[in-house]
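Single-letter residue listing:
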Amino acid sequence: MKQRKVPLRKCVASQQMMPKKELIRVVRTPEGEVLIDLTGKKSGRGAYICGKLEYFKLAQKNKALDRALKCQVSPEIYAQLARDFASVEEQFLAAKDSEDIEQE
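Here is what the cut-offs are and how they apply
Residues numbered from 1 in each chain as written. Predicted model: local features only at pLDDT ≥ 70, side-chain atom pairs only at ≥ 80, totals over all residues. Heavy atoms only, no water. pLDDT = per-residue confidence, 0-100. Helix = DSSP H or I, 4+ residues; strand = E, 2+ residues; numbered from the N terminus. Buried < 20%, exposed > 50% of the residue type's maximum accessible area, 1.4 Å probe, protein only. Patch = residues over 30% accessible without salt bridge, like charges linked within 9 Å, V, L, I, M, F, W, Y side chains within 5 Å. Areas by Shrake-Rupley, 256 points an atom, 1.4 Å probe, with all protein chains shown as cover. Salt bridge = Lys/Arg side-chain N within 4 Å of Asp/Glu carboxyl O. Pairing = 2+ DSSP bridges. Axes fitted to C-alpha atoms, helices over the stretch in contact; angles between N-to-C directions.

1. Brief notes about the confidence of the model for the protein
In this model, the protein carries a mean pLDDT of 84, and residues with pLDDT of at least 70 account for 89%. No element of the protein has a lower mean pLDDT than helix α3 (residues 75-103), at 72, and none a higher one than strand β1 (residues 8-10), at 95.

2. Overview of unusual backbone geometry
Although it is not a glycine, Gln 15 adopts a positive phi angle of roughly 65°. Here Gln 15 is to be found in the loop between β1 and β2 (17-19). By relative accessible area, Gln 15 is classed as partly exposed at 46%. For Lys 63, which is not glycine, the phi torsion reads 55° and is therefore positive. Locating Lys 63 in the fold gives a position in the loop between α1 (53-62) and α2 (64-69).

3. Concerning a nonpolar patch on the surface
A grouping of Val 6, Leu 8 and Met 17 is seen on the molecular surface, where their side chains present a nonpolar patch of about 290 Å² in accessible area. Turning to its location among the elements, Met 17 is positioned in strand β2.

4. Comments concerning the sheet that holds strand β4 (residues 34-37)
Strand order in the open sheet made by the 3 strands is β4-β3-β5, with antiparallel pairing throughout. If you trace the sheet from one side to the other, it starts and ends with β4 and β5 (45-50), each paired once. Sheet twist, expressed as the mean angle between neighbouring strand axes with direction ignored, is 30°. Judged from the 6 bridges that link them, strand β3 (residues 23-28) and β5 form a sheet pairing that is antiparallel. Counterpart to Ile 24 in the pairing with β5 is Ile 49.

Pasting the structure below:
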């Protein structure tokens with residue numbers, strides 16, 4: 001059976017290439033709203049961050065999201081994303097663990 005190609009994306013904070021499923025997507029919608037996209041299918045410009053809070057904080061410090069999304073991300077949006085990221089991080093890691101178990 002032929003191996004499927006695994007899509008790779010680069011984390012804007014750590015600059016590491018990783019499989020797309022191991023990263024969390026932050027998207028700027030056509031309306032200009034910035035939010036977390038767990039499905040990876042929302043329309044708009046996306047940026048990927050490793051699924052850990054420390055990398056989100058690094059991206060905030062370096063303004064990596066501003067560059068990747070090509071817009072000014074306000075401090076209020078960063079605060080909202082930090083809250084969302086903290087709640088999503090546990091959900092994301094649990095989903096990743098269940099996928100690893102299925103592959104074995």
